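# Breakdown of the fold
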Amino acid sequence: MKKIISVIGMLILFTVLILVGSTYAASLDTIDLEINKTLVHPGEEVKLTVNFGTDLGAYTVNIDYDDNLFEYVSAEGGTVNQTGDKVKVVFYDSTGGTNPRTNMSVIFRAKADITTSNPTEFSFTLEGLANADASVTYDDITTPIVKNVTVEPQYVDYTLKLEHTGAIIKEKENNMTLSYASPMGRYYEHARLIAEATTPTGATVQLLGTDQAGLEHDIIQSGWGDAQGYKIGGKDVSQVLKVRGIFSELGNYTITLKLIDRDHSDTVIAEKAFSFTAVEEGGTTPDNTPGTTTPEDTITPPAEESEKAQETLPAKLPKTGSNLYLPIVVVLIALLSSYIYFNKRK
């Protein structure tokens, strides 16, 4: 009896092994996730593709994403079920293995109203995997496959300006306007505005501004605002400062404005140099200052040379040409002298 039971048990075991051998589970290690871009601007689309590395007749792909940043557009390679921040794509080859797939893809679009830089990720899991004829099933992939992406606007460089009207007067407070702006400025947590200057030998220049607390700052000496910097960035960034420039001597000056990032070793965000010429009040410029030109057709000789020239000129111009009376007079004088001489001898 025991032998019969043992034989029956062995037969059952072999039967189970044969049945299991026709459909067994395996690990699918060939899956790869591709993304066509890692930086996406508002309104742009991004495509993610799952490559299986083999023919599959069945699969379910689950995608998690941030629906504050992206919206689902379309998918290829199965029936789509989209809810909130999840997309599920299900595929089953109903032909029995004649139309398997080696990949599937999904497209998302970044939302148009994004104004900041946003790192985010797409997360994929897979289940229900089987080969083309369903003779092999594969283990579910429950550990997410992740692709990182950043959504940010198309930032525009900051522009710097230092403007004034009229002449720059030496030793006077010259009213000037200092500004920086961008229609879509990159975000910085600790930015700061500073200035540098080159001057004529022995000269100094100040660029003075008064903050909201009534404190005066020389931007060339100490920069503008909190020494640790301040936050800037976003849409239509603009700061305009009314400043006063004081130039100690006549001559040419250069003031270079810099917007720097304090969080990254004072990396320069934007930079521009401005040239100025300080003059005397009334507009008189120093010698050799650019802009003082004398047209050649207006050059006149010095007054002394002009007077000497007049002194050397004769009172009357001499007459030129022959005189007919002069030889007649000479002949008459000669005849008269001869007559007197001969009368005396007689």
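Here the structure is a predicted model, which is why all the values come from computation and not from measurement. (Residues numbered from 1 in each chain as written. Predicted model: local features only at pLDDT ≥ 70, side-chain atom pairs only at ≥ 80, totals over all residues. Heavy atoms only, no water.)

### Details of the overall build of the protein chain
Rules: The secondary structure listing takes helices from DSSP runs of H or I that are at least 4 residues long and strands from runs of E that are at least 2 residues long, numbered from the N terminus. Each residue's exposure class comes from its accessible area (1.4 Å probe, protein chains only) as a fraction of the maximum for that residue type: buried when under 20%, exposed when over 50%, partly exposed otherwise. Each accessible area is a Shrake-Rupley result for a 1.4 Å probe, and residues are judged covered by the shown protein chains and nothing else.
Looking only at helices and strands, the protein chain has four helices and 19 strands in total. When each of the 346 residues of the protein chain is scored for burial, the buried share is 32%. For the protein chain, the exposed area adds up to about 22200 Å²; of that, 53% sits on carbon and sulfur atoms.

### Quick word on unusual backbone geometry
With phi around 65°, alanine 134 is a residue other than glycine that occupies positive phi space. In this structure, aspartate 236 takes a positive phi of about 55° despite not being glycine.

### Let's talk about the packing of aromatic side chains
Our working rule: Put simply, two rings from Phe, Tyr or Trp (the six-membered ring, in Trp's case) pair if the centres are within 6.5 Å, and we call them stacked under 30 degrees between planes, edge-to-face over 60, tilted for the rest.
Scanning all chains against the criterion turns up nine aromatic pairs. Grouping aromatic residues by their ring pairs yields a cluster made of Tyr65, Phe70, Tyr72, Phe108 and Phe122.

### Here we look at the pairing of strand S19 (residues 267-279)
Selection rule: Strands are treated as partners if at least two bridges between them are detected by DSSP.
Sheet analysis places strand S13 (residues 168-169) next to S19, joined by two bridges and oriented parallel. Pairing of isoleucine 168 across the sheet is with alanine 278, part of S19. Between strand S18 (residues 251-261) and S19, which pair antiparallel and follow one another directly, the connecting turn spans five residues, one of which, serine 265, has a positive phi of 55°.

### Some remarks on the nonpolar core
Nonpolar side chains in soluble globular proteins generally cluster together in the buried interior. Basically, it comes down to this: The set of buried Ala, Val, Leu, Ile, Met, Phe, Trp, Tyr and Cys residues whose side-chain atoms join them within 4.5 Å is what this entry labels a nonpolar core. When checking whether two residues touch, look at their non-hydrogen atoms; a contact exists if any pair is within 4.5 Å.
Among the nonpolar cores identified, the biggest contains 33 residues, and Phe70, Phe108, Phe122, Phe124 and Leu129 are the most heavily contacted of them. Of all the secondary structure elements, the ones that give two or more residues to this core are strand S2 (32-35), strand S4 (45-64), strand S7 (86-92), strand S8 (101-110), strand S9 (118-131), strand S10 (136-138) and strand S11 (141-151). Ranked by the residues each element gives to this core, the list is headed by S4, at eight residues. Apart from the residues within four sequence positions on either side, phenylalanine 70 is in contact with Val40, Val46, Tyr65, Phe108, Arg109, Ala110, Lys111, Thr120, Phe122, Val149 and Val151.

### Re the environment of serine 117
So the rule is basically this: Contacts described as polar in this section are N or O atom pairs within 3.5 Å, which, within protein, must combine one atom able to donate a hydrogen with one able to accept it, while residues neighboring in sequence count only if both atoms come from side chains.
Here serine 117 lies in the loop between S8 and S9. Sequence separation between serine 117 and threonine 150 is 33 residues; the distance between their C-alpha atoms is 6.9 Å. Sequence-distant contacts of serine 117, that is, excluding residues within four places in its chain, are made with Thr150, Val151, Glu152, Pro153 and Tyr155. Among the polar contacts listed, one links the side chain of serine 117 to the side chain of glutamate 152, at a separation of 3.0 Å.

### Regarding the pattern of salt bridges
Heads up, the rule is: Every case where a carboxyl oxygen of Asp or Glu lies within 4 Å of a side-chain nitrogen of Lys or Arg is listed as a salt bridge.
Taken as a whole, this structure holds twelve salt bridges when the rule is applied. Residues lysine 86 and aspartate 64 are paired through a salt bridge, measuring 3.1 Å at the closest nitrogen-oxygen approach. One end of the pair, lysine 86, is in strand S7; the other, aspartate 64, is in strand S4, with 22 residues separating them in the sequence. Judged by relative accessible area, lysine 86 falls into the partly exposed class, the value being 42%.

### Comments concerning the pairing of S18
Summarising burial for S18: nine of the eleven residues are buried, a large majority. When strand S14 (residues 173-198) meets S18, the two strands line up antiparallel, connected through eight bridges. Pairing of isoleucine 194 across the sheet is with lysine 258, part of S18. Pairing of S18 with S19 involves eleven bridges; the strand directions are antiparallel. Its bridge partner being in S19, glycine 251 is matched across the sheet by alanine 278.

### Looking at the confidence of the model for the protein chain
Applicable threshold: Values of pLDDT, the confidence the predictor places in each residue, fall between 0 and 100.
In this model, the protein chain carries a mean pLDDT of 84, and residues with pLDDT of at least 70 account for 74%. Long-range and interchain partners of residues 10-23, a stretch whose pLDDT sits below 50, account for three contacts in this model, where long-range means more than four residues apart. Predicted confidence for residues 286-325 stays below pLDDT 50, and this span has eight contacts to residues more than four positions away or in other chains.

### What about the environment of valine 73?
For valine 73, the location among the structural elements is in strand S5 (residues 70-76). Owing to a relative accessible area of 28%, valine 73 belongs among the partly exposed residues under this scheme. In sequence terms valine 73 and arginine 109 are 36 residues apart; their C-alpha atoms lie 6.5 Å from each other.

### Regarding the side chain of serine 182
With respect to the element layout, serine 182 can be found in strand S14. Reaching out from serine 182, the side chain makes a polar contact with the backbone oxygen of valine 156 at a distance of 2.7 Å. Look past the residues within four positions of serine 182 in its chain and what remains in contact with it is Val156, Asp157, Tyr158, Asp236 and Val237.

### Re the environment of leucine 259
The topology assignment puts leucine 259 in strand S18. By relative accessible area, leucine 259 is classed as buried at 0%. With ten residues separating them in the primary sequence, leucine 259 and isoleucine 269 have C-alpha atoms 5.3 Å apart.

### Concerning the side chain of asparagine 131
Within the secondary structure layout, asparagine 131 lies in strand S9. With sequence-adjacent residues up to four places away left out, asparagine 131 is seen in contact with Asp55, Leu56, Gly57, Val136 and Tyr138.

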